[in-house]
Amino acid sequence: MLEEKMNVTEIGQLVMNDSDASSGGTAQNSTVRELLYCGQGLDDFHTSYSNIHGIVCLLVCIFGSIANTLNIVVLTRREMRSPTNAILTGLAIADLLVMLDYMPYAIYMSPYMQFSREERLTYSWSWYVMFHSIFAQICHTISIWLTVTLAVWRYIAVAYPQKNRIWCGMANTLLAITSSYIVCPMVGIPLYLSFSIKPHVEQLGSDGNPYKLTTNGSARNITLYRTSPSELAENNPALLNVNFWIYSVVIKLIPCIALTILSLRLIAALLEAKRRRKQLTGNSKGMKQIVDGRVVDVQQKKSSKNMDKEKQTDRTTRMLLAVLLLFLITEFPQGILGLLSALLGKDFFYNCYLKLGDLMDVLALINSAINFILYCSMSRQFRNTFNYLFRPKFLDKWLPVPQNDDETPGGRRNQEGATTQITQV
């Protein structure tokens, strides 16, 4: 497919052929292909995992839909408004759309749903498969580039703090988010042109499955529908290769490389800032100050504030590493496999790429669903606002009163209307 985060299997199958065609038309050559690349072990894994893939994806989608909805509710609170949180909100919306779109497909893929061939290859389902492949890919592409935008914004905030308000203000942030939602669908234009719904007639038995003389009763000629390469793609084979190159390079590898470089530089900048703070703390050691007629150490007075800053920096660093690791685990392999499929052709695609498709789908779904856990575990402001919104009111009488006069239970500060953001550096 121009696959998406989650549509690895299905669009990929469409690019080489549709899923039913590939399972039948390519079976005769599977033995030869296994000898060329990934071997029987990967095929056995694919067969075993495919039995539970539908239910696993459905559970992840349900959790991810709830989690991303909570992300949107919390991040759009007035006290949480900031450029960083605006990007995270755009990311949560894109991920939520992917989850909602993928759920019908996950239900359909569940082993408990015993659909016949006649029920599976209807005109309406073929349209859904094509829409699902394209729509989910667009939404996932948006989330990828918003992740890159977030890394750029974070790096500027740390490396060029004096330029942060100018370059990364709310106006520029909203422009970047809007651009992602407009430009990414345009990147998928070659995909829109590559596929169409095509009818074909098959002989089916009374149970809706391929007719067998001894078991299926009388034969029926039934018109079935499949998503297949369009006439334009058949007459221009290069169009399918363009899809693979766009998917593997523009949508996957370039963002992965950019995010890796930006994140490493950001982490280096954070560590440098921490080193400078330690150096300044060391220089102030031994300095005395008179407070209320008493001589006290400056170091003692500042230790609490410095400790809070260091803890916040550590949380931000861990969050960056977690986001980076999850992104690379899901996106880099897909981009590399897509690139190898374009370079090595159908043998590699059928023997390796498709057999890893379900695994890449579920990893990408998990990546879209898990941000809520990261925010809760690594952002005090997010936790405070979430508790303020969803904590039952009767619990307030048993909870301790906030120690800081300027901080409300929602994590907001009342000093000059300062806003709170999920990752403060």
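Since the model is a prediction, treat every value here as computed from it, not as a measurement.

### Let's talk about the nonpolar core
Right, on to step 1. In terms of nonpolar packing, the biggest core is built from 37 residues, with Tyr375 and Phe382 touching the most fellow members.
Right, on to step 2. Looking at this core, the elements that each hand over two or more residues are helix H4 (39-75), helix H5 (83-109), helix H7 (123-159), helix H9 (170-187), strand S1 (195-204), helix H12 (238-283), helix H13 (298-344) and helix H16 (371-378).
Right, on to step 3. In terms of nonpolar packing, the next biggest core, distinct from the first, is built from 19 residues, Met99, Tyr102, Ala106 and Leu365 among them.

### Some thoughts on the environment of Leu389
Right, on to step 1. Among the structural elements, Leu389 can be located in helix H17 (residues 380-390).
Right, on to step 2. Classification of Leu389 by relative accessible area gives partly exposed; the value is 26%.
Right, on to step 3. The sequence separation of Leu389 and Val73 amounts to 316 residues, and the corresponding C-alpha distance is 9.0 Å.
Right, on to step 4. Setting aside residues up to four positions removed in sequence, Leu389 forms contacts with Val73, Val74 and Arg77.

### Remarks on the packing of H4 against helix H15 (residues 357-369)
Right, on to step 1. Their axes nearest at 9 Å, the elements H4 and H15 cross at an angle of 15°. With respect to their mutual orientation, H4 and H15 come out roughly parallel. For the crossing formed where H4 meets H15, the hand is left-handed.

### Points about the side chain of Ser180
Right, on to step 1. Along the chain, Ser180 falls in helix H9.
Right, on to step 2. Look at Ser180 and you get buried, because its relative accessible area is 8%.
Right, on to step 3. Ignoring anything within four residues of it in the chain, the contact list for Ser180 reads Ile142, Trp145, Leu146 and Pro185.

### What about helix H14 (residues 346-353)?
Right, on to step 1. In terms of burial, H14 is largely enclosed, as six of its eight residues are buried.
Right, on to step 2. Of all the positions in H14, only Phe348, Phe349, Tyr350, Asn351, Cys352 and Tyr353 are classed as buried.

### A look at a nonpolar patch on the surface
Right, on to step 1. On the surface, Ile182, Val183, Met186, Ile189, Tyr192, Leu193 and Leu232 cluster together to form a nonpolar patch covering roughly 620 Å² of accessible area.
Right, on to step 2. If you list the elements that add at least two residues to the nonpolar patch, you get H9 and helix H10 (189-192).
Right, on to step 3. Per-element tally for the nonpolar patch: the top contributor is H9, with three residues.
Right, on to step 4. Tracing the backbone shows Leu232 in helix H11 (residues 231-235).
Right, on to step 5. Assessed through its relative accessible area of 41%, Leu232 is described here as partly exposed.

How each quantity is defined
- Residues numbered from 1 in each chain as written.
- Predicted model: local features only at pLDDT ≥ 70, side-chain atom pairs only at ≥ 80, totals over all residues.
- Heavy atoms only, no water.
- Core = buried A, V, L, I, M, F, W, Y, C linked by side-chain atoms within 4.5 Å.
- Buried < 20%, exposed > 50% of the residue type's maximum accessible area, 1.4 Å probe, protein only.
- Helix = DSSP H or I, 4+ residues; strand = E, 2+ residues; numbered from the N terminus.
- Contact = heavy atoms within 4.5 Å.
- Axes fitted to C-alpha atoms, helices over the stretch in contact; angles between N-to-C directions.
- Parallel < 35°, antiparallel > 145°, perpendicular 65-115°, else oblique.
- Left-handed = near helix turned anticlockwise from the far one by under 90°.
- Patch = residues over 30% accessible without salt bridge, like charges linked within 9 Å, V, L, I, M, F, W, Y side chains within 5 Å.
- Areas by Shrake-Rupley, 256 points an atom, 1.4 Å probe, with all protein chains shown as cover.
- Salt bridge = Lys/Arg side-chain N within 4 Å of Asp/Glu carboxyl O.

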